[in-house]
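Here is how the chains run, residue by residue.
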Amino acid sequence: MSTLRVTLIPVAGKHRGEEFVLDRFPCVIGRSPTCRLIILNSRVSRIHCTIWVDEHRVLVKDELSTNGTYVNGRMIDSETALDDGDRLSVGPVEFWVHLVPESTADSSEFDVGVLLAE
């Protein structure tokens, strides 16, 4: 069974076009230093949302964030499947979601880090 490589690519701002490859799941996104992808912006909650892979699907869940998590412009209120090409918004940061089967993805090691949002 092949797994999916999940990449988030900011569509605007200082980090536009950079690739943030999520390589460990669940991947918590937020302002907290304990998050896997840290977004330093006051409109992002400390624990904002979580992304994980369930069989052949990639799912995202808002973690009761103050400003909500959006997929393709719609606020989510339950776990929601992400598809290749979707737009994921976390606070003011909008990401393009890129999903590639692991067997066809580059085998290089990647690390997720800190994103400084404007």
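Structure's up top.
Residues numbered from 1 in each chain as written. Predicted model: local features only at pLDDT ≥ 70, side-chain atom pairs only at ≥ 80, totals over all residues. Heavy atoms only, no water.

Caption draft 1: Examining the overall build of the protein more closely. Check the secondary structure of the protein and you find zero helices and twelve strands. When the elements of the protein are put in sequence order from the N terminus, they spell out β-β-β-β-β-β-β-β-β-β-β-β. In the protein, which comprises 118 residues, the proportion classed as buried is 43%. For the protein, the proportion of contacts with a sequence separation of at least 24, taken over those separated by at least 6, is 43%. Taken as a whole, the protein presents about 6600 Å² of accessible surface, with 48% of it coming from carbon and sulfur. (Helix = DSSP H or I, 4+ residues; strand = E, 2+ residues; numbered from the N terminus. Buried < 20%, exposed > 50% of the residue type's maximum accessible area, 1.4 Å probe, protein only. Contact = heavy atoms within 4.5 Å. Areas by Shrake-Rupley, 256 points an atom, 1.4 Å probe, with all protein chains shown as cover.)

Caption draft 2: Looking closely at the side chain of Ser65. Note on placement: Ser65 falls in the loop between β6 (57-62) and β7 (69-71). Take Ser65: its relative accessible area is 11%, and that puts it in the buried class. A distance of 3.0 Å separates a polar side-chain atom of Ser65 from the backbone nitrogen of Gly68. Ignoring anything within four residues of it in the chain, the contact list for Ser65 reads Ser45 and His48. (Polar contact = N/O pair within 3.5 Å; in protein donor to acceptor, adjacent residues only side chain to side chain.)

Caption draft 3: Here's a closer look at the environment of Val6. Mapped onto the fold, Val6 is located in strand β1 (residues 4-10). Of the residues examined, Val6 reaches a relative accessible area of 0% and is grouped as buried. In this structure the C-alpha to C-alpha distance between Val6 and Leu99, which are 93 residues apart in sequence, comes to 4.9 Å. Setting aside chain neighbours within four positions, we find Val6 in contact with Phe20, Val21, Leu22, Phe25, Val53, Val58, His98 and Leu99.

Caption draft 4: Broad picture of the nonpolar core. Among the nonpolar cores identified, the biggest contains 23 residues, and Leu8, Ile29, Ile51, Val60, Leu88, Val90 and Phe95 are the most heavily contacted of them. Among the secondary structure elements, those contributing two or more residues to this core are β1, β2 (20-22), β3 (27-30), β4 (37-39), β5 (49-54), β6, β10 (87-90) and β11 (93-101). In terms of residue count, β11 provides more of this core than any other element does, four residues in total. In contact with Ile51, not counting residues within four places along its chain, are Leu8, Leu22, Phe25, Pro26, Cys27, Ile29, Val58, Leu59, Val60, Leu82 and Leu88. (Core = buried A, V, L, I, M, F, W, Y, C linked by side-chain atoms within 4.5 Å.)

Caption draft 5: Region of the structure containing unusual backbone geometry. With an omega dihedral of 0°, the bond running from Phe25 to Pro26 counts as a cis peptide bond. With a phi angle near 60°, Leu64 is a residue other than glycine that sits in the positive phi range. With respect to the helices, strands and loops of the structure, Leu64 is situated in the loop between β6 and β7. Judged by relative accessible area, Leu64 falls into the exposed class, the value being 83%. Non-glycine residue Asn72 carries a positive phi angle of around 55°. With respect to the secondary-structure elements, Asn72 resides in the loop between β7 and β8 (74-75). For Asn72, a relative accessible area of 43% puts it in the partly exposed group.

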